[in-house]
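Structure assessment
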Amino acid sequence: MAVVTVPAEDRTIHDELGIQAELAPLGVDYERWDLSRVAEDASAEAVLEAYAAEIDEMKRLGGYQTADVIDVSPQTPGLDTMLAKFDREHTHSEDEVRFILAGRGIFYLHKDDKVVSVEVGPGDMIRVPRGTEHWFTLCAERRIRAIRWFQDTTGWTPHYTASGVEAGYQPLCFGPAYLGTRAETTITV
Ligand SMILES: [Fe+2]
């Protein structure tokens, strides 16, 4: 389950309906999907096959043309450079759609004067509409595996806002064992 926080209001939300309600005004969709259909070490091809129905449905709903599986770990070459592209506020000219299979990361979403963070983990599906001001980084284990959907892969280039708003937020991941008592801090990239 994702963990949503509204830092300015000192609020944390960690139930599906509450998260959906918090993200709806931002135009962001959130759902829990069943993860039991594939083994943790399933190949990308097996993952795409297992979720073919959902992938096609998302394509139909969002006009997405392709889907793939991204797999990032601390051993990924150029990881720091990759993360540094996305940890400053930016927008995209297409939706950012992810179904998280493994690992954890944190999206910060910004609209008007409000910033909301969404820590995503296994089983979380999130759709951030094109044009949404946001930034993203991985949690401390620097691991994420996710299905991605694309309208056109060239559209997924970050357009930086240069607002500097991200400087006011220390990325904080609660971690998979979150019960309201444990916190872990993300690495700074
Ligand atoms: Fe992004």
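Let me sum up the structure you'll find in this document. Please read all numbers here as calculations on a predicted model, not as lab measurements.

**Some words on the pattern of salt bridges**
- Considering all chains together, one arrives at 14 salt bridges under this definition.
- The shortest N-O distance in the salt bridge between Glu 9 and Arg 11 comes to 2.8 Å.
- With relative accessibility at 42%, the residue Glu 9 sits in the partly exposed group.
- When the shortest N-O distance is used, the salt bridge between Arg 130 and Asp 95 registers 3.6 Å. In this pair, Arg 130 is assigned in the loop between β9 (124–128) and β10 (133–138) and Asp 95 in the loop between β5 (90–91) and β6 (96–103), connecting sequence segments 35 residues apart.
- Assessed through its relative accessible area of 47%, Arg 130 is described here as partly exposed.

**Observations concerning the coordination of the iron ion**
- Around the iron ion, the donor atoms from the protein are His 90 (NE2), His 92 (NE2), Glu 96 (OE) and His 134 (NE2), and they sit 2.1 to 2.3 Å away.
- For the iron ion, the four donor atoms are set out with angles of 81 to 162° between them, so the coordination reads as irregular.
- Within one chain, the residues serving as donors to the iron ion are arranged as H-x1-H-x3-E-x37-H.
- Note on Glu 96: relative accessible area 6%, which makes it buried.

The rules behind each value
Residues numbered from 1 in each chain as written. Predicted model: local features only at pLDDT ≥ 70, side-chain atom pairs only at ≥ 80, totals over all residues. Heavy atoms only, no water. Salt bridge = Lys/Arg side-chain N within 4 Å of Asp/Glu carboxyl O. Buried < 20%, exposed > 50% of the residue type's maximum accessible area, 1.4 Å probe, protein only. Helix = DSSP H or I, 4+ residues; strand = E, 2+ residues; numbered from the N terminus. Donors = N, O, S within 2.8 Å, 3.2 Å for Na, K, Ca; no water. Tetrahedral: all angles 85-135°; square planar, octahedral: opposite > 155°, others 65-115°.

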